[in-house]
Amino acid sequence: MQHQKILILDFGSQVTQLIARRVREANVYCEVHPCDVTDEWVRDYAADGSLKGIILSGSHASVTEDTTDRAPQAVFSLGLPVLGICYGMQTMAQQLGGKVETGHKREFGFAAVRARGHTALLKDIADFTTPEGHGMLDVWMSHGDKVTELPPGFKLMASTESCPIAGMADEDRRFYAVQFHPEVTHTVQGRALLDRFVLGICGTNPDWVMRDHIAEAVEQIRQQVGDEEVILVLSGGVDSSVAAALIHRAIGDQLTCVFVDHGLLRLNEGDMVMDMFVGKLHAKVIRVDASDLFLGKLAGVSEPEAKRKIIGGLFVDVFKAEAAKLKAGDGGHKGATFLAQGTIYPDVIESGGAKSKKAVTIKSHHNVGGLPEQLGLKLLEPLRDLCPWVCRPRWFTATPSPARAWACASWAK
């Protein structure tokens, strides 16, 4: 099924995926792509008519620097609604003839925004009304630069005492922009604002739900893999478990999972992983006991990022050795050509490894990197562009890992 969709262009913000989460919570399909895609790419992406709107994300960068990114100009010539958020507002203003300056004081945290102009985006959306009748919004700000001159055709949409242009709109072209972050929970009416843009202004059909996505993902995996074989990196956690269950449902015995037991799991958790995938899902799993290797290398190391790098490096080394055997066709296999991973979008963001390569690193993930290139395999990551809060029930965050993994795998099955 082809869904109407929203394109989110990522300028390197660490909360870009929250925008996607809000859009998907409105039951609208969206995709996150790097901001430095070409004009031709944007036009091709919109050519089939399914694209209904574009959102420009925030960024840690400054639009006043010549070396930072701008939105492809095609974004503003397609005739589609565009919403700029924070940096997205600033680059919209600058690219369309306005002016952006570095502020004397960085604004970070709560702000009370006055809605102005009665635009379609903010009409009747407010947290409270002042005695003078002004609609007010409680929002979250995080910026140093600010728009100081509106582009031609734009009108003022919102303001604060320290940020006179906190929102702007060109309603003839359906271009809107806000300096605050509607995607975070601190902006109380943020979801209402994004719903208004996605459902009202863009006019999308709210027909995308996660459970339907399972069937669509299974069909997509089948088309991508064909009759080839797949090796999957299985940790026993939620993400790799969901990926394994999804891929196994799609291609069955064409999938072989490699479970690297590093000795850091809970008591008997490794046995639970094997029981879940071999005993219940009847998947092919190779269990590698590497606990002595991992625990030996981690002895005396206390710094968290150093531990992650050691674990990630060893995990890759052990997996590469097993994957090489499967790629060569050992053990009755005809030879794997795909590497599957349970990578989710927050892994990419936290590693600073988004397609744009411009996000700041929060922590490293061994499943975000050059492993497919090292092995000479094609990559299969069915969860890479998904937000975990949308594809997992909320109670998973408080449930022990083995139970979460089994529930996720059962749900995907």
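Residues numbered from 1 in each chain as written. Predicted model: local features only at pLDDT ≥ 70, side-chain atom pairs only at ≥ 80, totals over all residues. Heavy atoms only, no water.

So what exactly am I meant to see when it comes to the pattern of salt bridges here?
Here the structure, examined in full by the defined rule, presents 14 salt bridges. Measuring nitrogen to oxygen at the nearest pair gives 3.4 Å for the salt bridge that ties Lys155 to Glu171. Residue Lys155 is found in strand β8 (residues 155-159), and its partner Glu171 is found in the loop between β9 (167-170) and β10 (175-178); the two are separated by 16 residues along the sequence. A salt bridge links Arg308 to Glu305; the shortest N-O distance between them is 2.9 Å. You can see Arg308 and its partner Glu305 sitting in helix α9 (residues 304-327), three residues apart, about one turn around the helix. Overall, Arg308 belongs to the partly exposed group, its relative accessible area being 31%. Each of Arg21, Arg22, Glu25 and Arg191 takes part in salt bridges that share partners, so that together they form one network. (Salt bridge = Lys/Arg side-chain N within 4 Å of Asp/Glu carboxyl O. Helix = DSSP H or I, 4+ residues; strand = E, 2+ residues; numbered from the N terminus. Buried < 20%, exposed > 50% of the residue type's maximum accessible area, 1.4 Å probe, protein only.)

Explanation requested: the packing of aromatic side chains in the structure shown.
Each pair of aromatic rings is reported with the distance of its centres and the angle of its planes. Evaluated as defined, the whole model comprises four aromatic pairs. Between Tyr29 and Trp208, the ring centres sit 6.1 Å apart and the planes meet at 50°, which makes this aromatic pair tilted. Of the two residues, Tyr29 sits in strand β2 (residues 29-34) while Trp208 sits in the loop between α4 (190-201) and α5 (210-225), which places them 179 residues apart along the sequence. Residue Trp208 is classed as buried on the basis of its relative accessible area, which comes to 1%. Plain terms: the ring middles of Phe76 and Phe175 are 5.7 Å apart, the flat faces sit at 70° to each other, and that makes the pair edge-to-face. Taken together, the residues Phe76 in the loop between β3 (51-56) and β4 (82-85) and Phe175 in strand β10 connect sequence positions 99 residues apart. Phe175 shares its class with Phe76; the two are buried. Here Lys5 stacks its cationic end above the ring of Tyr45, 4.0 Å away from the centre of that ring. (Phe/Tyr/Trp six-rings, centres within 6.5 Å; stacked < 30°, edge-to-face > 60°. Lys NZ or Arg CZ within 6 Å of the ring centre and 35° of its normal.)

Can you walk me through the pairing of strand β1 (residues 5-10) in this structure?
β1 sits mainly inside the fold: six of its six residues count as buried. Residues of β1 alternate between two faces, with Lys5, Leu7 and Leu9 on one and Ile6, Ile8 and Asp10 on the opposite face, all of them buried. Relative to β3, β1 is paired through five bridges, and the arrangement is parallel. Within β3, the position partnered with Lys5 by the bridge is Leu51. Pairing geometry for β1 and β2, over six bridges, is parallel. Paired with Lys5 across the bridge in β2 is Tyr29. Note that the unit made of β1, helix α1 (residues 16-25) and β2 has a crossover that is right-handed. (Pairing = 2+ DSSP bridges. Right-handed = clockwise from strand over helix to strand, strands pointing away.)

How do you make sense of α9 when you look at a structure like this?
Since the α-helix advances by 3.6 residues per turn, residues separated by three or four positions end up pointing in the same direction. The terminal C-alpha atoms of α9, which comprises 24 residues, lie 33 Å apart, in line with the 34 Å expected from a rise of 1.5 Å per residue. Of the residues making up α9, those classed as buried are Glu305, Gly312, Leu314, Phe315, Val316, Val318, Phe319, Glu322, Ala323 and Leu326. For α9, the N-terminal cap is Glu303; the gap from its side-chain oxygen to the backbone nitrogen of Glu305 is 3.1 Å. (Expected span 1.5 Å × (residues − 1). Polar contact = N/O pair within 3.5 Å; in protein donor to acceptor, adjacent residues only side chain to side chain.)

Teacher, can you tell me more about the sheet that holds strand β13 (residues 284-289) here?
Within a beta sheet, neighbouring strands are joined by backbone hydrogen bonds and run either parallel or antiparallel to one another. The parallel open sheet is built from five strands, whose spatial order is β13-β12-β11-β14-β15. For this open sheet the edge positions go to β13 and β15 (378-380), each flanked by a neighbour on one side alone. Along the sheet, successive strands turn relative to each other by an average axial angle of 30°, direction set aside. Examined bridge by bridge, strand β11 (residues 229-234) and strand β14 (residues 336-340) share four bridges and lie parallel to one another. When the sheet's bridge partners are listed, Val230 is paired in β14 with Phe338. Along the sheet, helix α7 (residues 269-280) makes contact with β11, β12 (255-261) and β13, crossing β13 at roughly 165°. Running over the sheet, α9 touches β11, β12, β13 and β14 and is turned about 160° from β11. (Axes fitted to C-alpha atoms, helices over the stretch in contact; angles between N-to-C directions. Contact = heavy atoms within 4.5 Å.)

How do you make sense of the side chain of Thr160 when you look at a structure like this?
With respect to the helices and strands, the residue Thr160 is situated in the loop between β8 and β9. Residue Thr160 is classed as buried on the basis of its relative accessible area of 12%. Here Cys163 takes part through its backbone nitrogen, which lies 2.8 Å from a polar atom of the side chain of Thr160.

Mind showing me how you'd approach the environment of His3 here?
As for its position among the elements, His3 is in the segment before β1. For His3, a relative accessible area of 7% gives the class buried. Note: C-alpha distance between His3 and Ser50 (47 residues apart in sequence) is 6.7 Å. A polar contact of 2.8 Å, which involves the side chain of His3, links it to the side chain of Glu216.

When you look at unusual backbone geometry in this model, what are you seeing that I'm missing?
For residues other than glycine, phi is negative in most cases, and the peptide bonds are mostly trans. One non-glycine residue, Asn27, lies in the positive phi region at around 65°. Locating Asn27 in the fold gives a position in the loop between α1 and β2. Positive phi values are uncommon outside glycine, yet Asp124 reaches one of about 65°. The residue Asp124 is located in the loop between β5 (99-115) and β6 (128-129) in this model.

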